[in-house]
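Commentary on secondary and tertiary structure
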There are 2 protein chains.
Amino acid sequence: MQLLKDKILKEGKYLGRGILKVDSFMNHQIDPALMKEIGFEFARRFKNVKATRILTAETSGIAPALAAAMALELPLVFARKHKPVTMAENPYTERAESHTHGKTVDLIVSPEYLKAEDRIIILDDFLASARTIKALVKLVASSGATLVGIGAVIEKGFEGGRSALSELNIPIESLASIANFDGEKINFTDYMLKDTGDDSISPN
Amino acid sequence: MQLLKDKILKEGKYLGRGILKVDSFMNHQIDPALMKEIGFEFARRFKNVKATRILTAETSGIAPALAAAMALELPLVFARKHKPVTMAENPYTERAESHTHGKTVDLIVSPEYLKAEDRIIILDDFLASARTIKALVKLVASSGATLVGIGAVIEKGFEGGRSALSELNIPIESLASIANFDGEKINFTDYMLKDTGDDSISPN
């Protein structure tokens, strides 16, 4: 997605240790026009998977997933990190280690909003080591729902997340895929994704 | 906002102790069509305040604030509860006690995204005791920015938040205002708000 790549090149900052700062448009401040386009792009890539719900995780997944939910006209569920007082007993719970700060977080979803008959797209801000996404995959499995796609706004291609998810055999879409960092320079992946269906397109 | 009131009456559940569960469309699952309309309604109410940025807090404020940011075409900043590794040193920090679970949380904003020349609208999911919103107000004050409006999707009129904020002398808009709960029955406030400018309208 060229608009996103341009934004990353213009405003993204590589902080070392694989950490890309995109706080100016996604992780602290949100650019609503870009987020709308991100939503349309996810919708275009997942329009044929017959999804019934989108699942994401607190916090930074919410904005891009909501934009996609608006474009696809599907309800969005965000896994909570803490069980709120309003949540029913015995929710689905999975543990994930945060990639950037190393702490362990719980991801919690109420069975009210994740059903065996659902077809789920998991969306998140980053696909890096895929630890958060794998926890979301387990939540979907716990509910008996069918996982039909995984999407991330930005993929760090060098951190192994895509191959860690490959056995799921479902479309994995990222809107900008970073091959590596070269000093402060951000290099995008330019290969075509292998076939993921009729709408398979480049991650770029 | 009638669409919202209808949704609250249909899907909201009063759990006692002033706690309204709206997890089916705002706090755990998000109804994207309703959220779009919420965004348009905030935009209508705040179209004349000449805002430059919207400020909200993790987590449940993000969806309605993003919808409003899309409609108003303004950048959205969400205060973080934990300082991410990507955040610059010496951010603005305020402490707030959570209304529903009683724990204390920090709300943290980077000076990069809150400037003295900004005109800020604060948006959140609930206006109850206004403890979170007051912490956001202090963050705005720390930055030297001008606060030009406060909005909440749902106001609990019986918890004193509005009067706690009245000395700010700025428009406070809620899209559905609950007067009280009567057993399981939800009673909305039907009075007209006092004048808050040209677009002053009822909170309902």
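Everything numeric in this text was worked out from a predicted model, so none of it was measured. (Residues numbered from 1 in each chain as written. Chains lettered and ligands numbered in written order. Predicted model: local features only at pLDDT ≥ 70, side-chain atom pairs only at ≥ 80, totals over all residues. Heavy atoms only, no water.)

Next up on the list: the interface of chain B and chain A. Taken together, the 41 residues of chain B in the interface contact 41 residues of chain A. Contact between chain B and chain A buries roughly 3500 Å² in total, counting both sides, with carbon and sulfur atoms accounting for 63%. For the chain B face of the interface with chain A, the top three residues by lost area are His28(B), Met70(B) and Thr86(B), together amounting to 21%. Counting the contacts that link chain B with chain A gives 2 salt bridges. (Contact = heavy atoms within 4.5 Å. Buried area = accessible area lost by both parts, 1.4 Å probe. Salt bridge = Lys/Arg side-chain N within 4 Å of Asp/Glu carboxyl O.)

Between the two copies, chain B and chain A, the superposition gives an RMSD of 0.0 Å; the rotation angle is 180° and the shift along the axis is 0.0 Å. Both copies are brought into coincidence by an operation consistent with a two-fold rotation axis. When C-alpha positions in chain B are compared against the rotation axis, the closest is assigned to Thr59(B), at 3.1 Å. Taken together, the interface assignments show that 100% of the residues at the interface of chain B recur at the interface of chain A, consistent with an identical surface on both copies. (Least-squares fit on C-alpha atoms with pLDDT ≥ 70 in both.)

Turning our eyes to something else, we now look at the nonpolar core. Ranked by size, the top nonpolar core spans 80 residues in total, and within it Leu4(A), Ile54(A) and Leu4(B) carry the most contacts. Tallying contributions element by element places helix 4 (residues 62–72) of chain A first for this core, with 9 residues. Not counting residues within four places of it along the chain, the set of residues in contact with Leu4(A) comprises Phe25(A), Leu34(A), Ile38(A), Val153(A), Leu175(A) and Ala176(A). By size, the runner-up hydrophobic cluster in this structure holds 27 residues, among which are Leu107(A), Ala130(A), Leu165(A) and Ile172(A). (Core = buried A, V, L, I, M, F, W, Y, C linked by side-chain atoms within 4.5 Å. Buried < 20%, exposed > 50% of the residue type's maximum accessible area, 1.4 Å probe, protein only. Helix = DSSP H or I, 4+ residues; strand = E, 2+ residues; numbered from the N terminus.)

Residues and elements named next belong to chain A. With 14 residues, helix 3 (residues 32–45) extends 20 Å between its outermost C-alpha atoms, agreeing within 8% with the 20 Å of an ideal straight helix rising 1.5 Å per residue. Among all positions in helix 3, only Pro32, Leu34, Met35, Ile38, Gly39, Glu41, Phe42, Ala43 and Arg45 are buried. At the N-terminal end of helix 3, a side-chain oxygen is found 3.0 Å from the backbone nitrogen of Ala33, two or three residues along, and the residue is Asp31. (Expected span 1.5 Å × (residues − 1). Polar contact = N/O pair within 3.5 Å; in protein donor to acceptor, adjacent residues only side chain to side chain.)

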